[in-house]
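# A look at the structure
These are the residues of each chain, in order.
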Amino acid sequence: MTALTRVELLWLEGRVERWIRFGRIAEETILDRRRRVVAFAASEIFAFVRWASNGYGTVVSRIDILRAVAAGEAFSTIGFVEPGADILLRISGWPKVNEVLRAIDAVEQTGVAPEDACPDHWRHVMNRLAAGEPPRAYTRERHRAWLLRRRIDA
């Protein structure tokens, strides 16, 4: 049996939200009506969104695009992700999180599932947003090049 990367999700209306924006879920365990744990197979890419507020407004707004790791592979620790994952993108602050959500939508509009997009694209999006620049579009041509590169590497 292969090790799975588990993510703890929570939904407390108006206070705490932890959810998956995209990714192929291999396993799901419902703990109660507000909590569940989803798991991803090794090498699967997924987006994990976290948001929290208190009486004064938003406290946390973050999105991480992560790659689930295989047993024995190096990883970074991320809250609510067990054991951890390879970080492709890590952005906090609602304006930048919103930009990432738009970038995800743009990939979907090309007809490519975001979890199938080249991992380098998500690193590119993070770096461009950190520099205050708009990311380049992910096109069908870029995706075709990624598929060819992956086939050559295999």
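The structure under discussion appears in the preceding block.
This write-up is about the structure you can find in this document. Note that the coordinates shown come from a computational prediction; the quantities given were computed from them, not determined experimentally.

Each value, and the rule that gives it
- Residues numbered from 1 in each chain as written.
- Predicted model: local features only at pLDDT ≥ 70, side-chain atom pairs only at ≥ 80, totals over all residues.
- Heavy atoms only, no water.
- Helix = DSSP H or I, 4+ residues; strand = E, 2+ residues; numbered from the N terminus.
- Buried < 20%, exposed > 50% of the residue type's maximum accessible area, 1.4 Å probe, protein only.
- Contact = heavy atoms within 4.5 Å.
- Areas by Shrake-Rupley, 256 points an atom, 1.4 Å probe, with all protein chains shown as cover.
- Lys, Arg positive; Asp, Glu negative; His and termini not counted.
- Charge placed at Lys NZ, Arg CZ, Asp CG, Glu CD.
- Core = buried A, V, L, I, M, F, W, Y, C linked by side-chain atoms within 4.5 Å.
- Salt bridge = Lys/Arg side-chain N within 4 Å of Asp/Glu carboxyl O.

## Regarding the overall build of the protein
Looking only at helices and strands, the protein has three helices and eight strands in total. Overall size of the protein, expressed as C-alpha extent along the three principal axes, is 50 × 40 × 25 Å. Across the 154 residues in the protein, those meeting the buried criterion constitute 37%. Long-range contacts, defined here as pairs at least 24 residues apart, represent 54% of the contacts in the protein between residues at least 6 apart. Summed over its atoms, the accessible surface of the protein is roughly 8800 Å², and 52% of this surface lies on carbon and sulfur atoms. Each charge class in the protein was averaged separately, 24 positive and 20 negative side chains, and the resulting centres sit 2 Å apart.

## A closer look at the nonpolar core
Within the largest apolar cluster, 23 residues are counted, with the highest numbers of intra-cluster contacts made by Ile63, Ile65, Leu89, Val100, Ile104 and Trp122. Taken together, the elements giving at least two residues each to this core come down to strand E5 (45-54), strand E6 (57-67), strand E8 (81-92), helix H1 (94-109) and helix H2 (119-130). For this core, the element with the most residues is H1, which contributes six residues. In this structure Ile104 touches Arg21, Phe22, Ala47, Ile63, Ile65, Pro114 and Trp122, once residues within four positions along its chain are discounted. Counting twelve residues, the second largest nonpolar core, distinct from the first, contains Leu9, Val38, Phe48 and Val81.

## Some details on the pattern of salt bridges
This model, assessed by the stated rule, comprises 17 salt bridges. A salt bridge links Glu108 to Arg21; its shortest N-O distance comes to 2.9 Å. Here Glu108, found in helix H1, pairs with Arg21, found in strand E2 (residues 16-22); they are 87 residues apart in sequence, far enough to count as distant. Glu44 serves as the salt-bridge partner of Arg24, at 3.4 Å between the closest nitrogen and oxygen. Placement of Arg24 in the loop between E2 and strand E3 (27-30) and of Glu44 in the loop between strand E4 (35-40) and E5 is noted, with a sequence separation of 20 residues between them. Each of Arg67, Glu73, Asp86, Asp120, Arg123 and Arg149 takes part in one network of salt bridges that share partners.

Nothing here speaks to function; it is geometry throughout.
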